[in-house]
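The residues making up each chain are set out below.
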Amino acid sequence: MEQTLVFGLGGSPMSGNLRLLLMFGVSAGVAVCNYFIPSTLGVVLLSTAMGFLLSLDLSQVGTLCRGSRSAFGDRELLRGGPSPPPPTSFGWNLGCREVLLYLSLLLVAMAEAGVLHHFIGLAQSRSLITGPQAPVSYLLLILFCLCWALREIQGAYVFGGVFLNPLYPKGMSNVQIFKQRNRGLYIAAAIRRVLIYLVFPFAMIAFLAMDKSLQLLHTVSLSVGFTRAFRVGWQSSEDALLQMVVVILVRLAAGNNVLPGWDDLGTGVQLLLVGLLFDRVTQFLAKLKFTLTVLVTSWTEKKQRRQSAGTLLALNASLCPLVLVVVIVSALLSAPLLPLFTLPIFLVGFPRPQRSWPGPVGTACPCPDSVFYQQMSGSLACALRTAFARGSLGSLAPGSHFLGRFQDRMVWIMILERGYGYCTVNIKGLELQETSCHTVEARRVDEVFEAAFERPERLGFTQGFNLHWGNALTPCAALAVRVYSDARNVLSGIIDSHDNLRKLQDDFMKALIWLLLRYCVQKHKGFLWSSEEVSVVGGMKSQSSQLAQTTSNQPPEAVMVESNVSSIRFRQDSSSLTSFGDWSDEDDLFGPQPARRTVALVTAEAQSGHTTLQMGASLPGSVEMDSLFENMALSALQPLQPLGLGIGMPAVDKGHNSEVFDERSGSLPHLNFSCPQSEVFNLPKGWRTAPLLPSRLLSLRPLFPEDWFRFTLGRFGPAVQGATSEDMTKALKEDEALKELHIHVALSCLISLGAESAFTSPSYVYRLYCGDVPWTEGLEWLSSSKELYQLTLQAFRFSFKLLFDQASLGPMESPEELFSTLEEYERDWYIGLVTEKGWHDSVLQEKPFLFSLGHDLTMGTYTGRVLTLQEQLVQVGRLNGEGVRGQWANLSWELLYATNDDEERYSIQAHPFMLRNLTVQAADPPLGYPIYSSAPLHFPCL
């Protein structure tokens, strides 16, 4: 059906079976109508109108009927496609402008065809040299030569990828310089675009409308031939022009002589046969190149040379005619040429449609790295649209394959459909370099692209040739795409520097103060949905009721964090000693002691559903040997603190401590602010209920940067005032109650992280960055408020990013610079972990920068990863389509019939010339394993 639609009715291969069935039915109906219409003028008008309408992107009609521009984007997102380009771009959605343009073109084409056929077509003489068709014929010859030249100079190579294009820009280091050097080619591309979409179709319609064979329409062959001829001029203008030029050259060569049999076919059937012949010859040459590549590399490549290689080469040489017959039959049937196990043993594969796979387009094997392809596919779509319109990627035919390369990313692009002003493609993302086979072929791809795009300014005679012509990949062009560049740095000398670690504590306090004040400003302006305040009413609640309330009021992602803490909550209201589980060391001489539970054990209990405290028999004074750092090296542990430093020595009479008593009774001391605006910067009550001794907070008070607090308050103060007032700002800075409040909260967070002493271990810093906070007596309180916990974790990550930047670029010279840096972190950066959902969302939202801290277990080093969103050049090359189809056919035969699913089998090992491993990856699941595959994307090319 696809072959009949393409070569018999002038259509295009479709991206799905349903679309193919509908398009075939409508196209066949037009041919039947042309057979029964008695008037030749009616045939010309109907063929012109339907040929134009059927060559458009009819998938957009449904969007126009729904009347919603956003519906197209929503559908793509639901189907797993990327974010669509801006709807304001011409042609992405069928709107009023597109309808007006298409209607104008339709009316002009019908008027031209009708007038020329009615007044000139009936008086046409049989001589092409002297008749009215002659000027149009010569015009078509000139247009073909001009268009071919303009298309050739757009790519990196000319004459089928044999010679380097001297006009193509050489420098690939800078995108702006590349665009400036490419400006001359842009002008040539604009001229070519006008010729293809506005000149070619009308010139071909004029040639067909004046053809004398239209008078003999009432035969099946002529009806089908002219139905196809009037449509293919719109569907694929360049191919139609080539076919028409061949017919014209045959007539010019014959002169006034009559070619028996050929002239009786009629122009429509002649064009049909020329199109079919041209397609089969093209397939034969591509299959022959693929055959020679397999034969030659089976001996020249040492890793591909098997013991039977010599025997197979001798057999192919002796049976050379038979091998040619197999290639010819494969081309005639338009079936893949199947190399058995990718050895030089060739068979005719089962005929397949151009999209190769029966399933719907868009299936993939997603993984965390898929998000990078999903992000870049939207920008790549815009770049491909421009490249298609300019002709940078050569002639676009359904079934063509392209490979894009940027850093460690591989993009596989397949053409599914082609019509007037649009092209439908499927974009796949291959796995990042992990296996040795992938790495070998990726290195070869880099070598091929470097030879094409990073060549010297002046080429010698030998340097002008494509030394990689036998490779399956032929470089075409470099496209400017907004992608994330990935930079990884080893942090040796940064994270393990004692000077940097001592500075980390001060930076953490400053970042936390900045985030607390910013939180108050956002809350005042209504940017926050709600602030969860944890108030203690009527004494401390039982842990089970607190967990129930937490899980009912918080989103699912917060429940895990809360349950991890609630499962290790120790009892603070023990009043009876009736069982071992009720024993408590709270009244011990050395103050409150945290439960010595490991984080791994707590997490396991929380995931298994143990929401109540699971404690064994524990008597006062007993020693538990469970270690929080059971899986860590002893060198990574913090040094032990001497007895008597903040753990109850000297003894404190908690019964007479007013602050602790007030917390127990459920009431907090009222804050008397001296400035009315201070209420804006008030923090939730639950953030002041840390179960910490005042003496401990008092001893750490020098760690609070009061100057930075006043400076930051002075910068945030005007943001919440109606008008900037120096007196009001000064009053804010001098409000002691406000300062004491923030001192209490900030130091409580510092202690809860176990960071009251300077950071001395890179492993401890890494654990805190990952949110794996070791157990401290304040961790329960800190984790009870999701917002405060997130602010504290974010502050620590900001402080580590400050450490990274200052170690690389130098220290901050002023508070203003630090303040602007923190603002930049909040606005333009995502600082977290690769495994977090926020990282995934930030990539899709195209945050300008992302930072993550990692740990290489094999090398024992810590790494920093920085992603930067910027416009980069993605190098794109054309693959040998017949080589891809042949390897996919072998893969299908091998897995479905030979059942050879060995992961180390010969047929999927690296092959630098055929790119065998990459080709296998790009196959649709379950035979292949691309990590990303888009739904069919319709690109406008006007």
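Residues numbered from 1 in each chain as written. Predicted model: local features only at pLDDT ≥ 70, side-chain atom pairs only at ≥ 80, totals over all residues. Heavy atoms only, no water.

Participant: Quick one: what's the story with the overall build of the chain, residue by residue and with numbers?
Facilitator: A tally of helices and strands in the chain yields 32 helices and 13 strands. Looking at the chain residue by residue over its 942 residues, the buried ones come to 52%. Here the analysis covers contacts within the chain between residues at least 6 apart in sequence; of these, 75% occur between residues at least 24 apart. A total of about 41900 Å² of accessible surface is found on the chain, and carbon and sulfur atoms cover 62% of it. (Helix = DSSP H or I, 4+ residues; strand = E, 2+ residues; numbered from the N terminus. Buried < 20%, exposed > 50% of the residue type's maximum accessible area, 1.4 Å probe, protein only. Contact = heavy atoms within 4.5 Å. Areas by Shrake-Rupley, 256 points an atom, 1.4 Å probe, with all protein chains shown as cover.)

Participant: Talk me through the environment of L692; I want residue IDs and the actual numbers.
Facilitator: Within the fold, L692 resides in the loop between α21 (658-665) and α22 (694-699). When the C-alpha atoms of L692 and E777 are compared, they prove to be 7.9 Å apart, with 85 residues separating the residues in sequence. Contacts of L692, omitting those with residues within four sequence positions, involve L697, S748, I751 and E777.

Participant: Can you break down unusual backbone geometry residue by residue, with the values?
Facilitator: Cis rather than trans, the peptide bond between P925 and P926 has omega equal to 10°. The phi dihedral of F159 is positive, around 55°, even though this residue is not glycine. Positionally, F159 belongs in the loop between β1 (157-158) and β2 (163-164). Here F159 falls in the exposed class, since its relative accessible area comes to 51%. Although it is not a glycine, T342 adopts a positive phi angle of roughly 55°. Along the chain, the position of T342 falls in the loop between β3 (337-339) and β4 (346-348).

Participant: An account of the side chain of S55 is requested, with residue identities and associated values reported.
Facilitator: Looking at where S55 falls in the secondary structure, it is placed in the loop between α3 (40-54) and α4 (61-66). Overall, the relative accessible area of 0% leaves S55 in the buried class. In terms of polar contacts, S55 uses its side chain to reach the backbone carbonyl oxygen of G51, at 3.2 Å. Leaving out residues up to four positions away in the same chain, S55 has contacts with W234, Q235, G419, Y420 and Y422. (Polar contact = N/O pair within 3.5 Å; in protein donor to acceptor, adjacent residues only side chain to side chain.)

Participant: Would you mind going over a nonpolar patch on the surface in detail, with residue names and values included?
Facilitator: Together, L315, L319, L322, V325, V329, L333 and V348 give the surface a local cluster of nonpolar side chains, amounting to about 560 Å² of exposed area. Broken down by element, the nonpolar patch gets its largest block of residues, 3 residues, from helix α14 (residues 320-332). Within the secondary structure, V348 sits in strand β4. (Patch = residues over 30% accessible without salt bridge, like charges linked within 9 Å, V, L, I, M, F, W, Y side chains within 5 Å. Salt bridge = Lys/Arg side-chain N within 4 Å of Asp/Glu carboxyl O.)

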